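Survey of secondary and tertiary structure
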Amino acid sequence: MSDPGRPAGPPGGDDEELGAPVAELADLEDEPAPTFLARLRRRIQRRVLASDVLEMSWFTPVLVLLEFLEMIFTGLFGPRKTDSGGSAS
């Protein structure tokens, strides 16, 4: 049973000793394969690339639409050039 005065959370605080079974398990630790980190990096990079492509596929059409709207409104409601002088004779 848990102690009601003890906060809930994972065991193994800074001052608490983990005990003999955990120390034995720490000795059984295996090194990962040499290609493990390379495979992990490639997997993360693929996910980041997919995220970037998806983000561009959503935002690029919106940006193009905004550019077209800006060109239309500038053409319709933009400042007009007026002939400010007479004819040169």
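Residues numbered from 1 in each chain as written. Predicted model: local features only at pLDDT ≥ 70, side-chain atom pairs only at ≥ 80, totals over all residues. Heavy atoms only, no water.

**Notes on the overall build of the protein**
When helices and strands are counted, the protein shows 2 helices and 0 strands. Each of the 89 residues in the protein was classed as buried or not, and the buried ones make up 1%. (Helix = DSSP H or I, 4+ residues; strand = E, 2+ residues; numbered from the N terminus. Buried < 20%, exposed > 50% of the residue type's maximum accessible area, 1.4 Å probe, protein only.)

**Overview of a positive patch on the surface**
Taken together, the side chains of Arg39, Arg42, Arg43, Arg46 and Arg47 make up a positively charged region of the molecular surface. Accessibility expressed as a relative area gives 62% for arginine 47, which makes it exposed. (Patch = residues over 30% accessible without salt bridge, like charges linked within 9 Å, V, L, I, M, F, W, Y side chains within 5 Å. Areas by Shrake-Rupley, 256 points an atom, 1.4 Å probe, with all protein chains shown as cover. Salt bridge = Lys/Arg side-chain N within 4 Å of Asp/Glu carboxyl O. Lys, Arg positive; Asp, Glu negative; His and termini not counted. Charge placed at Lys NZ, Arg CZ, Asp CG, Glu CD.)

**Some details on the packing of aromatic side chains**
When we look at a pair of aromatic rings, we describe it by the centre distance and by the angle of the planes. Counted by the stated rule, this structure contains 1 aromatic pair. Aromatic pair phenylalanine 73 and phenylalanine 77: ring centres 5.9 Å apart, planes at 20 degrees, arrangement stacked. Taken together, the positions of phenylalanine 73 and phenylalanine 77, both in helix H2 (residues 36-77) and 4 residues apart, correspond to about one turn of that helix. For phenylalanine 73, a relative accessible area of 46% puts it in the partly exposed group. Among the residues examined, phenylalanine 77 registers a relative accessible area of 65% and is labelled exposed. (Phe/Tyr/Trp six-rings, centres within 6.5 Å; stacked < 30°, edge-to-face > 60°.)

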